[in-house]
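Here's the letter readout for the chains.
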Amino acid sequence: FIPIGCSFAVMAMQAGLTGAETIFMSFFVMSGASQIMAVGMLSQGAAFAAIVLASAFMTMRHLVLSSSVMRRLGKLSLVQKIVGSYALCDESFAVFSLSEEKNFPFLMGCNTLFCSTWVASTALGVVLNNFLPPIVADSCAIAFYAAFLAMLIHVVRKSIPILLLVLLTAGVNSLLQLFIPSSWAVVFSMVGCAAIGTFFVPAEKE
């Protein structure tokens, strides 16, 4: 979280956001992948609607994650459900799911730990941006690509269908960019290929 949060902050400020806007984005959005994509599209001059749609599709998985967690927790008040779902992310979901503890306080502990670390890392990146040499700041984006690549390799090594889906998405995105702006190409290739993938990528039993 710390190096990626710092790198996100540097990229966001290079894209034109202020330090306060960058920190508030991490606090309210709290989705590294969506934030990275959003500032990348912003730096390319993408349309606001394209940024919102791409971020929405990227974070749609959170509906599944929060629904799964709430089902395991049983009966909760509406306030508890809203608070528990707010800071839920991939990492806190993984820790919660793998732990024997399946209660609301444990979920809030996970959420608070990951949320505070992400926001603090972003704030640290905002501060460091004022001291980093330009060549170092410009290379911070590598941290994101490395993180995504690491997650991608772990998945595609175990599944040929997912590898094919990744290659299909990359190919469709590249093709669409010849005819439409790259920001919309990302949105259409992501949604379209995800829909196609439902027909040949097998669902996990668990």
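Draft legend 1. Highlighting a nonpolar patch on the surface. Where nonpolar side chains cluster on the molecular surface, the patch consists of Ile160, Leu163, Leu164, Leu167, Leu168, Ile196, Phe199 and Phe200 and spans about 770 Å² of accessible area. Among the elements that line the nonpolar patch, the one with the most residues is helix α11 (residues 160–176), at five residues. As for its placement among the helices and strands, isoleucine 160 is situated in helix α11. Since its relative accessible area comes to 55%, isoleucine 160 is described here as exposed.

Draft legend 2. Expanded view of the nonpolar core. Counting 20 residues, the largest nonpolar core has Phe8, Met25, Val39 and Met41 as the members making the most contacts within it. Secondary structure elements with two or more residues in this core: α1 (2–14), α3 (32–43), α4 (48–58) and α8 (104–128). In terms of residues, this core owes the most to one element, α3, which gives four residues. Core analysis: the second largest hydrophobic core is formed by ten residues, Leu73, Leu76, Leu88 and Leu107 among them.

Draft legend 3. Molecular detail of the state of the cysteines. Within this structure, the stated rule accounts for zero disulfides. Of the cysteine sulfurs around cysteine 115, a residue in no disulfide, the closest is that of cysteine 89, at 8.4 Å.

Draft legend 4. Expanded view of the packing of helix α5 (residues 61–73) against helix α7 (residues 90–98). Where α5 contacts α7, the two axes come as close as 11 Å, and the packing angle between them is 30°. Looking at the two axes, α5 sits roughly parallel to α7. In this structure, α5 crosses over α7, and the sense of that crossing is left-handed. Mapping the contact onto sequence places Arg61, His62, Leu65, Ser68, Val69, Arg72 and Leu73 in α5 and Asp90, Phe93, Phe96 and Ser97 in α7.

Draft legend 5. Layout of the packing of α4 against helix α12 (residues 182–197). Packing of α4 against α12 leaves a shortest axis separation of 9 Å and a crossing angle of 30°. Judged by the inter-axis angle, α4 sits roughly parallel to α12. In this structure, the crossing between α4 and α12 has a hand that is left-handed. Seen from α4, the contacting residues are Ala49, Ala50, Leu53, Ala54, Phe57 and Met58; seen from α12, they are Ser183, Trp184, Val187, Met190 and Val191. Residue composition of the contact of α4 with α12, grouped by class: ten nonpolar, one polar and no charged.

Draft legend 6. Representation of the environment of phenylalanine 114 in the model. Along the chain, phenylalanine 114 turns up in helix α8. Separated by 26 residues in sequence, phenylalanine 114 and leucine 88 have C-alpha atoms that sit 8.8 Å apart.

Draft legend 7. Focus on the packing of aromatic side chains. In this structure the tally under the stated criterion is six aromatic pairs. Aromatic side chains phenylalanine 24 and phenylalanine 28 sit 6.0 Å apart centroid to centroid with 20° between the ring planes, which places their arrangement in the stacked category. Here phenylalanine 24 and its partner phenylalanine 28 are both found in helix α2 (residues 19–28), four residues apart, which amounts to about one turn of the helix. Consider the rings of phenylalanine 96 and phenylalanine 106, whose centres lie 6.5 Å apart with planes at 35°: the pair is tilted. Highlighted residues: phenylalanine 96 in helix α7 and phenylalanine 106 in helix α8, separated in sequence by ten residues. Residue phenylalanine 106 is classed as partly exposed on the basis of its relative accessible area, which comes to 25%.

Conventions used here
Residues numbered from 1 in each chain as written. Predicted model: local features only at pLDDT ≥ 70, side-chain atom pairs only at ≥ 80, totals over all residues. Heavy atoms only, no water. Patch = residues over 30% accessible without salt bridge, like charges linked within 9 Å, V, L, I, M, F, W, Y side chains within 5 Å. Areas by Shrake-Rupley, 256 points an atom, 1.4 Å probe, with all protein chains shown as cover. Salt bridge = Lys/Arg side-chain N within 4 Å of Asp/Glu carboxyl O. Helix = DSSP H or I, 4+ residues; strand = E, 2+ residues; numbered from the N terminus. Buried < 20%, exposed > 50% of the residue type's maximum accessible area, 1.4 Å probe, protein only. Core = buried A, V, L, I, M, F, W, Y, C linked by side-chain atoms within 4.5 Å. Disulfide = S-S within 2.5 Å. Axes fitted to C-alpha atoms, helices over the stretch in contact; angles between N-to-C directions. Parallel < 35°, antiparallel > 145°, perpendicular 65-115°, else oblique. Left-handed = near helix turned anticlockwise from the far one by under 90°. Contact = heavy atoms within 4.5 Å. Nonpolar A, V, L, I, M, F, W, Y, C, P; charged D, E, K, R; others polar. Phe/Tyr/Trp six-rings, centres within 6.5 Å; stacked < 30°, edge-to-face > 60°.

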